[in-house]
Amino acid sequence: MDNKGVNAVKKENFSEWYTQVIQKADLIDYSEVSGCLIFKPGSYSIWENIQSYLDGKFKKDGVKNAYFPLLIPEHLFKKEAEHVQGFAPEVAWVTHAGNTKLNERLAIRPTSETIMYDSYAKWIRSWKDLPLRYNQWCNVIRWEFKHPVPFLRTREFLWQEGHSVFATKKEADKEAIRILNFYADCYEKILAVPVLKGIKSKNEKFAGADYSLSVETLLPNGKAIQGATSHNLGQNFSKAFGIKFLDISEKNDYGWQNSWGFSTRSIGIMIAIHGDDKGIILPPNVVLNKVVVVPILFTKDKKEIVNVANSIVKKLKKFNPLLDDRDDYSAGWKFNEWEMKGIPLRIEIGPKDLASKQVVFVRRDNNEKINVKIKDIGKEVPKVLNEIQENLFLKAKKFLEGSIQKVQDISELKKVVNDNGIGKANWCGSPSCEENVKDKTGAKSLNSEFNSKAEGKCFACNAKAEYVTYFGKSY
RNA sequence: GGGGUUGUGGGGUAACUUGGUUAGCCUACCAGGAUGGGGUCCUGGUGAUCCCGGUUCAAAUCCGAGCAGCCCCA
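Because the structure is predicted, anything quoted here is derived from the model rather than measured. (Residues numbered from 1 in each chain as written. Chains lettered and ligands numbered in written order. Predicted model: local features only at pLDDT ≥ 70, side-chain atom pairs only at ≥ 80, totals over all residues.)

**With respect to the domain arrangement of chain A**
At step 1: Taken domain by domain, chain A comprises domain 1 (14–274), domain 2 (291–384) and domain 3 (404–472).
At step 2: In this structure, domain 1 and domain 3 have C-alpha centres spaced 27 Å apart.
At step 3: For the side of domain 1 that touches domain 3, the elements supplying multiple residues, two or more each, are strand S9 (196–199) and strand S10 (211–218).
At step 4: Per-element accounting of the side of domain 1 that touches domain 3 gives the leading share, four residues, to S9. (Domains from an automatic or database assignment. Helix = DSSP H or I, 4+ residues; strand = E, 2+ residues; numbered from the N terminus.)

The following block contains the structure:
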């Protein structure tokens, strides 16, 4: 890989730009298997930060972590009819051990409902066993046939999947929205990516769910993308898998279930939204090394500059600063490299600074240079990092909100979508109407707002409008 | 599903039309030296024709099949 700068322009050729920045920022590498990529430390550490945020939220909410096997026997996988139909085309199967053919094929999990619920059925007997709420951090494989895009569409990806069983529908409904809010917070507060929260249409919901909630956002190329989902499974799986319990009034009932997931796709979304022509931009809240200290080394004063740089690094320990004291690269080289890699804040210290007891802060988000007295560094760094986090979010929010337009009919939607925007419409919600909209505009429904009341008739057919729905071209 | 197009060191490319050079260049990497506030310079070095088969005295180049990527259409 050419180690020099990004030479694609984000606005002009998004795909080329995206491919370049993720490689030049040293986030991933390709493997021999199409769609299966290598998370290098740069991207894996981002994932670890996302994990630690969400994991904390889940545990505080009472969810416990567990781990279920990778391989799912075919008979289990097939138990819930709609589910198997939805996933079958992209399931990879293990058929042999060495040269011996297995008696039963084993699915490599595309998601773990089926294998987990087989066990849940054994573990749940009484209302006292509920709620049962387990989460696992793992990898899954979905054998996509569209061409892979790193992070955004890969055959293997990392995620967490939470699977809950409740005694009542009400509790399940409440959890579904509570989890969705965790996901929205993770996007907005950690990744600085604004999202649209809502409910998926019948066509777009998870295979086997009663309904699916999602967060959605828009990429700079005009493609909408689903950020994470929280599904209410009703009693569909509990009936298929026999998850039954005796309730407090001594009646038998099936459990009410949810499943919810957040994947490494989020990393791609964040990069696509914040990056610029110099490289990626990492929001301070998601990156381990929030600061890089670059001493400007001349032959004279070298020792003293390095000493001061070291003392700054020591003082900023809680921001995990990097110290770039490599002697065989020029200062300009280093500036470009750290910008490519998206470190939010660079602190430069050279002889001129030393003379005036100051350093230079350079913000990655807007390139602003700020002189800061050495004694003030400790209190200025968190302040500037907060500003960067906020600025990235507001910029992205402005873009998202500016891309959404109300549409009154199909031709207006077509125009908005061709213009790389998202259309917002009063909609009836029927699957056949959605098919028709997709045929005529290329747009699918993203989700429908929770609290908006639809007015009048459906924008696309003459039925009564039931939802206020976002439509867009999607990934 | 149909059509087009491309595979050359780690990355980007030239040579292919008209078969014959020591497979050229940029970058990266390694060694040494000089530099040093926005991708610094000099010297030397490492490293490549996707796989299989065919044509030919001779194949990166032509032909066939395969594999892989990209684009367009359904």
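**Points about the packing of helix H2 (residues 41–60) against helix H6 (residues 169–190)**
Helices that pack against each other are described as a pair by the angle of their axes relative to one another and the distance between those axes.
At step 1: Relative orientation of the contacting elements H2 and H6 amounts to 140°, with a least axis distance of 11 Å. As the angle between them shows, H2 and H6 are arranged oblique. You can see that H2 and H6 cross each other, and the crossing is right-handed. Residues Ile50, Tyr53, Leu54 and Lys57 of H2 pack against Phe182, Cys186 and Ile190 of H6.
At step 2: Tallied by class, the residues present in the contact of H2 with H6 amount to six nonpolar, no polar and one charged. (Axes fitted to C-alpha atoms, helices over the stretch in contact; angles between N-to-C directions. Parallel < 35°, antiparallel > 145°, perpendicular 65-115°, else oblique. Left-handed = near helix turned anticlockwise from the far one by under 90°. Contact = placed C-beta atoms within 7 Å. Nonpolar A, V, L, I, M, F, W, Y, C, P; charged D, E, K, R; others polar.)

**Overview of the protein's contact with RNA strand B**
At step 1: Around RNA strand B, the structure places 28 residues, and the nearest of them are Gly5, Gly332, Asn336, Gly350 and Lys352.
At step 2: Going through the elements one at a time, helix H10 (331–340), helix H11 (351–355) and strand S18 (358–363) are the ones with two or more residues in the surface near RNA strand B.
At step 3: If you tally residues by element for the surface near RNA strand B, the top one is H10, at eight residues.
At step 4: Counted by class, the surface near RNA strand B contains 11 nonpolar, nine polar and eight charged residues. (Near = placed C-beta within 6 Å.)

**A closer look at the pairing of strand S5 (residues 92–97)**
At step 1: Within S5, only zero of the six residues are buried, which leaves it mostly out in the open.
At step 2: Two elements, S5 and strand S6 (residues 100–108), share five bridges in a ladder whose sense is antiparallel. Residue pairing in the sheet places tryptophan 93 in a bridge with alanine 107 of S6.
At step 3: If you look at the hairpin formed by S5 and S6, you'll find two residues sitting between the two strands, and glycine 98 has a positive phi there, around 60°. (Buried ≥ 20, exposed ≤ 12 C-beta atoms within 10 Å, placed from the backbone. Pairing = 2+ DSSP bridges.)

**Considerations on unusual backbone geometry**
At step 1: Geometrically, the link from leucine 130 to proline 131 is a cis peptide bond, its omega value of -5° lying close to zero.
At step 2: Take proline 131: it is sitting in the loop between helix H5 (113–123) and strand S7 (132–141).
At step 3: Positive phi, close to 70°, is recorded for phenylalanine 151, a residue that is not glycine.
At step 4: One can find phenylalanine 151 in the loop between S7 and strand S8 (156–166).
At step 5: Within the chain, lysine 357 stands out as a residue other than glycine whose phi angle is a positive 55°.
At step 6: Here lysine 357 is to be found in the loop between H11 and S18.

**Here's the deal with the environment of leucine 37**
At step 1: Among the structural elements, leucine 37 can be located in strand S2 (residues 37–39).
At step 2: Here the alpha-carbon distance between leucine 37 and tyrosine 67, two residues 30 residues apart in the chain, equals 23 Å.
At step 3: In this structure, leucine 37 is in contact with Ile28, Asp29, Tyr30, Ser31, Pro150 and Thr154, ignoring residues within four places of it in sequence.

**What about the environment of glycine 279?**
At step 1: Checked against the element boundaries, glycine 279 lands in the loop between helix H8 (265–274) and strand S15 (291–295).
At step 2: Excluding anything up to four places from it in sequence, glycine 279 contacts Val6, Val21, Lys24, Ala25, Glu339, Met340, Lys341 and Gly342.

**Comments concerning the sheet that holds strand S4 (residues 71–73)**
At step 1: The antiparallel open sheet is built from three strands, whose spatial order is S4-S6-S5. This sheet does not close on itself; its edge strands, each paired only once, are S4 and S5. Taken over all neighbouring pairs, the strand axes of this sheet differ in orientation by 45° on average, direction set aside.

**Section: the sheet that holds strand S19 (residues 369–373)**
At step 1: In space, the five strands of this open sheet follow the order S16-S15-S17-S18-S19, with mixed pairing throughout. Either end of the sheet is taken by a strand with one partner, and the two such strands are strand S16 (322–323) and S19.
At step 2: The pairing of strand S17 (residues 345–349) with S18 spans four bridges and is classified as antiparallel. When the bridges of S18 are listed, arginine 346 appears paired with valine 362.

**Concerning helix H14 (residues 431–441)**
At step 1: Taken residue by residue, H14 has Cys433, Glu434, Val437 and Thr441 as its buried positions. In an axial view of H14, the angular spread of the buried residues amounts to 100°, which keeps them on one side of the axis. Among the exposed residues of H14, those oriented more than 90 degrees off its buried face are Pro431, Ser432, Glu435 and Asp439.
At step 2: In the segment just after H14, glycine 442 is the residue with positive phi, at about 80°. (Arc of directions from axis to C-beta.)

**Here we look at the nonpolar core**
At step 1: One finds Tyr183, Cys186, Val193, Val293 and Ile312 to be the most contacted residues of the largest nonpolar core, which totals 115 residues.
At step 2: Considering each element in turn, this core owes the most residues, 10 residues, to H6.
At step 3: Apart from residues lying up to four places away in sequence, valine 193 is in contact with Tyr187, Glu188, Thr217, Ile269, Met270, Ile273 and Ala396. (Core = buried A, V, L, I, M, F, W, Y, C linked by C-beta atoms within 7 Å.)

**Quick notes on the packing of helix H13 (residues 410–418) against H14**
At step 1: Running from N to C, H13 and H14 cross one another at 55°; their axes reach a closest spacing of 9 Å. Here H14 runs oblique to H13, going by the angle between their axes. Of the two elements, H13 crosses H14, and the hand of that crossing is right-handed. Of H14, the residues touching H13 (which contributes Ile410, Leu413, Lys414 and Val417) are Val437, Lys440 and Thr441.
At step 2: Split by residue class, the contact of H13 with H14 holds four nonpolar, one polar and two charged.

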